Amino acid sequence: MHKYISVSYSKVNITEGFWQRRQQINNQKTVYAVYNRFLETGRIDAFKFAWKPGDPNKPHFFWDSDVAKWMEGVAYIYNSTKGKELMKKDEELVRKVDELVDLIEKNQDESGYFNIYFTVVEPENRWKIRTAHELYCAGHLIEAAVAYYEATGKRKFLDLMCKYADHIEKVFKKERSANFITPGHEEIELALVRLYRATGERRYLELAKFFIDERGKDDPSKYYEFANAKYAQDHLPVREQHTAEGHAVRATYLYSAMADIAYEYNDEQLFDCCRKIFRDIMNKKMYITGGIGSSHNGESFTIPYDLPNITAYSESCAGIGLALFAWRMLNIDADSCYSDVIERIMYNVLLSSVSLDGESFFYENPLEVIPSLLTRDTSLKKQMSRFPAIQRSHVFSCSCCPPNILRFISSIGNLIYTYDDKTVFVHQYIASETKFTIKGKNVQIIQQTDYPNDGKITLSITGMEGRKLAVRIPYWCKNYKIERDNVEITEKPIKGYVYIDCNNEFTTVSITFDMHPRLFEASPNVQVNSGRVALQRGPIVYCLEAIDNGKNIRDISIDKNTNFTIKYDDYFGTCIIEAEGYRRDESKYEMLYQPIDFANNKKLKQKLKFIPYYAFANRGISEMIIWILVE
Ligand code: FUB
Ligand code: ZN
């Protein structure tokens, strides 16, 4: 099995442009917004293990994981800003993490067990309830400990989590004394692989493989009264799973771990399952925004092409989970389908999940909004049809998404480069500088670009003589030009990458992608979008909001021959697009239904203002639509 190595975010300095701005918002606003909500809701104090029945803020069984993801995000922020002006503020964040680590040390069971809820609320039910997230919480604490050790060199948190992992190994692998064999919510598996890679302790890798190998072999009816076996991917042993099923976050964390195990054990069969599952998602179960898990019921995948826009669930964590899965696939298979999906997620469902000011969040990311549907009075006391929230919140009772968004954006540098002995791959176009070594040879790559606002990228490369640089040609790009040291490169892409020989110690590669807006259509199998198109410019999907374009937004159509006017708008952090469109003249419709008069049904011309989908719902409640009619 051929393998690649990812260049860590810690070696990538995002210096300016689109993602530097988003990381600044993340690292200076979001990190504090999440912490303050967690303080207010009692999640931070819960680590004191002081809650007693009757006290406010009763801990919930996934609170450990919410705070763990916040701790992990701090580690990435600190590791990215060390030695910079932000250091002082980040030292304060690091102190908060150290305080939490001290509380973990103080309250960890001598066995190594650590879980707030199953210590202060239901100690009698430790390892008894598969659906109660003990291993999920342990996994996120382990990930945070690894990130924190790598960022600060401090071992305490890591050692505490090694002790916890040893306890888990004893209970699940040696004694088999728990009431269940595999986790009800996958996460521990990928975390144990990270723990193995950080410590070199192979037992943790073997424990991860144990959980992967055991899944789907037990009788799932023992576990979930409320769901079928596919919900937690218990329906088959993983080596027989070829389609994405069930709860989307559980699924993508499982598939990520499957890819990790395939990588570490050179397991071609397991990797082939990952390839098939990824293509099932990419070709049949993914929104144009990169969102997945279309149903609120089970927060889950359903059937192929079931991608409703107004009731889309498309959880923020699920989009992140898909990006983590795709990233792992890139480390084994240099195919741009994975980095294309990552890009689709980065510029659309990931950013729609957080407000432009970084302080409020979506749990669900709808692709169409008709506010009146949410406020209509039904004759039934309980509104039977359910719709996603249409304004972001500062915190949720189950607040998994906000800290997940935080940790993902603060480590976005992980997604840019992979390499092997011969080739360095450029997967994402982000203004940045990186230095790393290949076989002891220092390599430096400086990316200068204002992508995605324009399609010009200059790569200044040092130390790659005799090696190749492979640059991704994005799925949305029809025309492009590549020059190496001012000489045009005409090689055709292989699996979405153009391979460029670097013949000198210092090489400049310049790329120009045609960023002309394009109208995309969905497969006829996605019937909800039949007859409609989505506007995209580069990686960014655009939408219309009624606040700019008037009500009855579904009635608007775009002129297929329209000229597009591109304007940078600093409020949105990228460009807006103006175009010509039409809508029917409402004054001609006195009746609810009337015969169409083709000879006289001239539509009203209208200028349309498209904004990035990720920016919707930042200016108050408004109708919103991606998929529009075309004339
Ligand atoms: O159960 C933990 C997290 O809460 C899941 O990953 C999300 O879907 C949310 O339900
Ligand atoms: Zn979530």
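Chains are numbered independently. Their residues run from 1 in the order of the written sequence. Here the convention is simple: chains get letters from A, ligands get numbers from 1, in the order in which they are written. Reporting in this predicted model follows two pLDDT cut-offs: at least 70 for local features of residues, and 80 or more for side-chain atom pairs to be given and counted; totals over whole chains, interfaces and linings ignore these cut-offs and use all residues. Excluded from the side-chain calculation are hydrogens and water; included are all heavy atoms of the structure.

Novice: So, the overall build of the protein: which residues are in play, and what are the values?
Specialist: Scanning the protein for helices and strands turns up 15 helices and 22 strands. The globule rule puts the C-alpha radius of gyration for 631 residues at 25 Å, and the 25 Å found for the protein is close to it. Seen through its C-alpha atoms, the protein measures out along the principal axes to roughly 80 × 75 × 50 Å. Exposed residues in this analysis have more than 50% of their type's maximum accessible area, buried residues have under 20%, and partly exposed residues fall in between, with area computed by a 1.4 Å probe over protein chains only. Each of the 631 residues in the protein was classed as buried or not, and the buried ones make up 60%. Accessibility throughout is a Shrake-Rupley quantity obtained with a 1.4 Å probe, and a residue counts as covered only by protein chains that appear here. Accessible surface for the protein amounts to roughly 24600 Å². Of this, 50% is attributable to carbon and sulfur atoms. His is not counted here, nor are the chain ends, while Lys and Arg score as positive and Asp and Glu score as negative. To locate a charge, take atom NZ for lysine, CZ for arginine, CG for aspartate or CD for glutamate. Across the protein, the 82 positively charged side chains and the 85 negatively charged ones have centroids separated by 1 Å. The numbering of helices and of strands both runs from the N terminus, where a helix is a DSSP run of H or I of at least 4 residues and a strand a run of E of at least 2. Our radius of gyration is a C-alpha quantity, and the globule rule it is checked against amounts to 2.2 Å times the number of residues to the power 0.38.

Novice: Explain the pattern of salt bridges to me, using residue names and the numbers behind them.
Specialist: Only one rule defines a salt bridge in this text: a Lys or Arg side-chain nitrogen within 4 Å of an Asp or Glu carboxyl oxygen. Enumeration according to the criterion identifies 55 salt bridges in this entry. Among the ionic pairs, Asp45 bridges to Lys48, the shortest N-O distance being 3.2 Å. Overall, the relative accessible area of 43% leaves Lys48 in the partly exposed class. Among the salt bridges present, the one from Lys276 reaches Asp272, with a minimum N-O distance of 2.6 Å. Residue Lys276 and its partner Asp272 are located together in helix α10 (residues 268–284), separated by four residues, close to a single helical turn. Its relative accessible area of 31% is what places Asp272 among the partly exposed residues. Each of Arg130, Glu186, Glu189, Arg215 and Asp234 takes part in salt bridges that share partners, so that together they form one network.

Novice: Quick one: what's the story with the coordination of the zinc ion (ligand 2), residue by residue and with numbers?
Specialist: Only nitrogen, oxygen and sulfur atoms count as donors, using a 2.8 Å cut-off from the metal that widens to 3.2 Å for Na, K and Ca. Water is left out, so coordination shells may look unfilled. Looking at the zinc ion (ligand 2), one finds its protein donor set to be Glu315 (OE), Cys317 (SG), Cys400 (SG) and Cys401 (SG), positioned 2.1 to 2.3 Å from the metal centre. Along the chain, the residues that donate to the zinc ion (ligand 2) are spaced as E-x1-C-x82-C-C. Highlighted residues: Cys317 in helix α11 (residues 316–330) and Cys401 in helix α14 (residues 401–410), separated in sequence by 84 residues. Just as Cys317 is buried, Cys401 falls in that class too.

Novice: Mind laying out the domain arrangement of the protein, listing which residues take part and the relevant values?
Specialist: We note that the domain assignment places domain 1 (417–513) and domain 2 (518–630) within the protein. Domain segmentation is taken from an automatic or database assignment of domains. Measuring from the centre of the C-alpha atoms in domain 1 to the corresponding centre in domain 2 gives 36 Å. Contacts are residue-level and defined by heavy atoms, with any inter-residue pair within 4.5 Å sufficient. On the domain 2 side, the residues contacting the eight residues of domain 1 number 11 residues. Defined here as a combined quantity, buried area equals the accessible surface (1.4 Å probe) lost by two parts on assembly, summed across both. Carbon and sulfur atoms supply 51% of the area that domain 1 and domain 2 bury against each other, a total of about 720 Å² over both sides. Interface area lost by domain 1 to domain 2 is led by Pro452, Asn453 and Trp476, which between them contribute 70%. One can count zero salt bridges joining domain 1 with domain 2. Throughout this description, a polar contact denotes any pair of N or O atoms lying within 3.5 Å of each other; where both atoms belong to protein, one of them has to be capable of donating a hydrogen while the other can accept it, and for residues adjacent in sequence the pair is counted only when both atoms sit in side chains. Put simply, domain 1 and domain 2 have four residue pairs in polar contact (both at pLDDT 80 or more) between them. Lys, Arg, Asp and Glu make up the charged group, whereas Ala, Val, Leu, Ile, Met, Phe, Trp, Tyr, Cys and Pro make up the nonpolar group; the residues left over, Gly among them, are polar. The residue makeup of the side of domain 1 that touches domain 2, split by class, is five nonpolar, one polar and two charged.

Novice: Could you give me a rundown of the packing of helix α5 (residues 134–152) against helix α7 (residues 188–199), with the residues and numbers involved?
Specialist: Working convention: axes come from line fits to C-alpha atoms, limited for helices to the stretch in contact. Angles between N-to-C directions cover 0 to 180 degrees. At a minimum axis separation of 8 Å, α5 and α7 run at an interaxial angle of 30 degrees. One finds that α5 runs roughly parallel with respect to α7. Note that α5 runs across α7; the crossing there is left-handed. Residues Leu135, Ala138, Gly139, Ile142, Glu143, Val146, Ala147, Tyr149 and Glu150 of α5 form the contact with α7, whose participating residues are Ile188, Leu190, Ala191, Leu192, Arg194, Leu195 and Ala198. Its residues placed into classes, the contact of α5 with α7 shows 12 nonpolar, one polar and three charged. Should an angle lie under 35 degrees it is considered roughly parallel, over 145 roughly antiparallel, and from 65 to 115 roughly perpendicular; all remaining angles are considered oblique. Left-handed is the label given to a crossing in which the near helix is rotated counterclockwise from the far helix by less than a right angle, and right-handed is the label when the rotation is clockwise.

Novice: Any details on the packing of aromatic side chains? Residues and values, ideally.
Specialist: A pair of Phe, Tyr and Trp rings is counted when the ring centres sit within 6.5 Å of each other, with Trp represented by its six-membered ring. The angle between the planes then sorts it: under 30 degrees is stacked, over 60 is edge-to-face, the rest tilted. Considering all chains together, one arrives at 36 aromatic pairs under this definition. Through pairs of rings, three or more aromatic residues link up here, namely Phe18, Trp19, Tyr347, Tyr429, Tyr451, Trp476, Phe513 and Tyr614. Sitting above the plane of the Tyr265 ring, Lys209 keeps its charged end 5.4 Å from the centroid. If you follow Arg584 out to its NZ or CZ, it ends over the ring of Tyr589, 5.1 Å from the centre. Geometrically, a charge over a ring is one whose NZ (Lys) or CZ (Arg) sits within 6 Å of the ring centre while staying within 35 degrees of the ring normal.

Novice: Which residues make up the confidence of the model for the protein, and what values go with them?
Specialist: Detailed reading of the predicted model is not advised wherever pLDDT is low. The pLDDT value tells you how sure the predictor is about a given residue, anywhere from 0 up to 100. Per-residue confidence for the protein gives a mean pLDDT of 96; residues scoring 70 or more make up 98%. Ranking the elements of the protein by mean pLDDT puts helix α13 (residues 371–375) last with 89 and strand β16 (residues 540–545) first with 99.

Novice: Explain the pairing of strand β6 (residues 432–438) residue by residue, including any values.
Specialist: Only one face of β6 is buried, namely the one carrying Ser432, Thr434, Phe436 and Ile438, since none of Glu433, Lys435 and Thr437 on the opposite face is buried. Strand pairing is assigned whenever DSSP identifies at least 2 bridges connecting the two strands. Bridging between β6 and strand β7 (residues 441–449) involves seven bridges; their strand directions are antiparallel. In the strand pairing of β7, Glu433 is matched with Ile446. In textbook terms, the turn of a hairpin is the stretch between consecutive antiparallel strands, and for β6 and β7 this stretch comprises two residues, one of which, Lys439, has a positive phi near 50 degrees.

Novice: Before we move on, can you summarise the nonpolar core with the specific residues and values?
Specialist: For this analysis, a nonpolar core means a set of buried residues of the types Ala, Val, Leu, Ile, Met, Phe, Trp, Tyr and Cys, connected via side-chain atoms within 4.5 Å. Core analysis: the largest hydrophobic core is formed by 218 residues, its most contacted members being Trp70 and Leu469. Non-local contacts of Trp70, meaning those with residues more than four positions away in its chain, are made with Val31, Val34, Tyr35, Phe38, Leu93, Lys96, Val97, Leu100, Pro403 and Leu406.

Novice: Please give an account of the site of ligand 1 that cites residues and values.
Specialist: Think of it this way: one heavy atom of a residue within 4 Å of a molecule or strand is enough to make that residue near it. Around ligand 1, the structure places His133, Tyr136, His185, His247, Val249, Glu299, Glu315, Tyr363, Cys398 and Cys400. Note that an oxygen atom of ligand 1 is positioned 2.8 Å from one of the side-chain N or O atoms of His247. Here an oxygen atom of ligand 1 sits 2.6 Å away from a polar atom, N or O, in the side chain of Glu315. In terms of residue class, the shell around ligand 1 is made up of five nonpolar, three polar and two charged.

Novice: Break down the sheet that holds strand β9 (residues 467–472) for me, citing the residues and quoting the values.
Specialist: Read from one edge to the other, the open sheet built from five strands follows the order β1-β4-β5-β9-β12, with strand pairing classed as mixed. Each having just a single partner strand, β1 (5–6) and β12 (497–502) make up the two edges of the open sheet. Two elements, strand β5 (residues 423–426) and β9, share four bridges in a ladder whose sense is parallel. Directly across from Val424, in β9, lies its bridge partner Leu469.

Novice: Any details on helix α8 (residues 202–214)? Residues and values, ideally.
Specialist: Between its first and last C-alpha, α8 extends 18 Å over 13 residues, near the 18 Å set by a 1.5 Å rise per residue. Those residues of α8 that sit buried are Tyr204, Leu205, Leu207, Ala208, Phe210, Phe211, Ile212, Asp213 and Glu214. Backbone geometry just after α8 places Gly216 at a positive phi near 85 degrees. A helix is expected to reach a length of 1.5 Å times the quantity of its residues less one.

Novice: Account for the sheet that holds β6, with residues named and values stated.
Specialist: Strand order across the open sheet formed by seven strands is β2-β6-β7-β8-β13-β10-β11, with antiparallel pairing between neighbours. Each end of this open sheet is capped by a strand with a single partner; those strands are β2 (12–14) and β11 (487–489). In this sheet, adjacent strand axes meet at a mean angle of 20 degrees when their direction is disregarded.

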